[in-house]
Amino acid sequence: MMNWINKMERKFGKYAIHNLTVYLLACYGVGYVISFTIPQLLGYFTLEPGLILKGQIWRLVSWVIIPPVDNIIFAVFMMLLYYSLGSSLEQTWGAFRYNLYIFSGMFFTIIGSVIVYIITGGFIGLGGLFSTYYINLSIFLACAAIMPNLQLFLYGILPVKMKWLAVLDVVLLFIEAVQGGLVIRICIGASLLNFIIFFMGNRNMQPYRPKQVMRKKKFQREAGRPVNHYAGGAKHRCAVCGRTELDDPSLEFRFCSKCNGNYEYCQDHLFTHEHVK
């Protein structure tokens, strides 16, 4: 799966929307303004496949402004939290992968609404169930998957690791799915399908952990520095044995991404040296 994403990123990465979280939160802001000023107007923005088929195609997009929660105080804290989490996720993955993750969640949500419309016999009026609430939750679960030991301060006081909050959220989702019936299960499953596909298709998340990303960027910066010049005009020197390409033109040299610094090794010591920490 990652090879497929890498190919897409090389081809379409330049079209990625940077700071996508800011735009999502701006949509929420518009939704809250409408909900407090003209609440009846929100009914024209919900995700209703039956009305979309009748020509109201704006609903394919406008549903993202539907506020995930009604309590404005809780909403402010939620928006601050998801701004931080979303920005961190975009910085860790890159704009393209983050875009793909969010937009796939929205796409699956639309598919879920169509399924609900079909199984309910074309019933109109369930569009309010589809919002970005579960997509926001997928952002939190993604951050918990790559940063499990990051601490959040519950109520601003109690430090709790993200992995335990994620476990709690999954348990609550399971209870909600059991108690909510088939329609709620489809809402939850469709909105979180992006998380399931992405992380089940890429079980080794080590390359996406912040520490690994920082190490990779550091290595790229080090590798991009001007070439060192050693005695006799040599450009490469092994950090273990001290040999250069002048000692043996057949030697190959590589930088080690696991060493903390700009260390280069010959082919004989690249895999046998002790990593510098």
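As a starting point, this report considers the structure included with it. (Residues numbered from 1 in each chain as written. Predicted model: local features only at pLDDT ≥ 70, side-chain atom pairs only at ≥ 80, totals over all residues. Heavy atoms only, no water.)

### Some points on the overall build of the protein
When helices and strands are counted, the protein shows 10 helices and 4 strands. Ordering the α and β elements of the protein from the N terminus gives α-α-α-α-α-α-α-β-β-α-α-α-β-β. Counting only residues that meet the buried cut, the protein has 39% of its 277 residues in that class. Taken as a whole, the protein presents about 16,300 Å² of accessible surface, with 64% of it coming from carbon and sulfur. (Helix = DSSP H or I, 4+ residues; strand = E, 2+ residues; numbered from the N terminus. Buried < 20%, exposed > 50% of the residue type's maximum accessible area, 1.4 Å probe, protein only. Areas by Shrake-Rupley, 256 points an atom, 1.4 Å probe, with all protein chains shown as cover.)

### What about helix 8 (residues 162-191)?
Between its terminal C-alpha atoms helix 8 stretches only 20 Å, short of the 44 Å expected from 30 residues at 1.5 Å a residue. Of all the bends in helix 8, the greatest, near 145 degrees, is centred on Gly 181. Looking at helix 8, one finds that the buried residues are Met 162, Leu 165, Ala 166, Leu 173, Ala 177, Val 183, Ile 184, Ile 186, Cys 187, Ile 188, Ala 190 and Ser 191. (Expected span 1.5 Å × (residues − 1). Bend = angle between axes of the 7 residues up to and from the residue.)

### What about the nonpolar core?
The biggest cluster of nonpolar side chains holds 59 residues, and the ones touching the most others in it are Leu 89, Trp 93, Tyr 101, Ile 102, Phe 140 and Phe 199. Counting residues per element, the ones that place at least two in this core are helix 2 (20-37), helix 5 (72-93), helix 6 (95-119), helix 7 (133-146), helix 8 and helix 9 (193-200). Residues in contact with Leu 89, not counting those within four places in the same chain, are Gly 94, Tyr 98, Ile 139, Ala 142, Cys 143 and Ile 146. Counting 8 residues, the second-largest nonpolar core is a separate cluster that includes Phe 253, Tyr 265, Cys 266 and Leu 270. (Core = buried A, V, L, I, M, F, W, Y, C linked by side-chain atoms within 4.5 Å. Contact = heavy atoms within 4.5 Å.)

### Remarks on the packing of helix 2 against helix 6
With their axes 10 Å apart at the nearest point, helix 2 and helix 6 run at an angle of 35 degrees to one another. Residue-level inspection shows Leu 20, Thr 21 and Leu 24 of helix 2 in contact with helix 6, the latter providing Tyr 98, Asn 99, Ile 102, Phe 103 and Met 106. (Axes fitted to C-alpha atoms, helices over the stretch in contact; angles between N-to-C directions.)

### Here we look at the side chain of Glu 90
Within the secondary structure layout, Glu 90 lies in helix 5. Here Glu 90 is in contact with Ile 17, His 18, Asn 19, Leu 20, Ala 95 and Tyr 98, once residues within four sequence places are set aside.

### Topic: a nonpolar patch on the surface
Together, Trp 164, Val 167, Leu 168, Val 171, Leu 172, Phe 174, Ile 175 and Val 178 give the surface a local cluster of nonpolar side chains, amounting to about 780 Å² of exposed area. Along the chain, Val 167 falls in helix 8. (Patch = residues over 30% accessible without salt bridge, like charges linked within 9 Å, V, L, I, M, F, W, Y side chains within 5 Å. Salt bridge = Lys/Arg side-chain N within 4 Å of Asp/Glu carboxyl O.)

### Section: the pattern of salt bridges
One pass over the structure, following the stated rule, counts 3 salt bridges. Here Arg 243 and Asp 268 are joined by a salt bridge, their closest N and O atoms 2.7 Å apart. With Arg 243 in the loop between helix 10 (210-223) and strand 3 (253-255) and Asp 268 in the segment after strand 4 (264-266), this pair connects stretches of sequence that are 25 residues apart. Note that Arg 254 and Glu 252 form a salt bridge whose closest N and O atoms lie 3.8 Å from each other. By relative accessible area, which is 45% here, Arg 254 ends up partly exposed.

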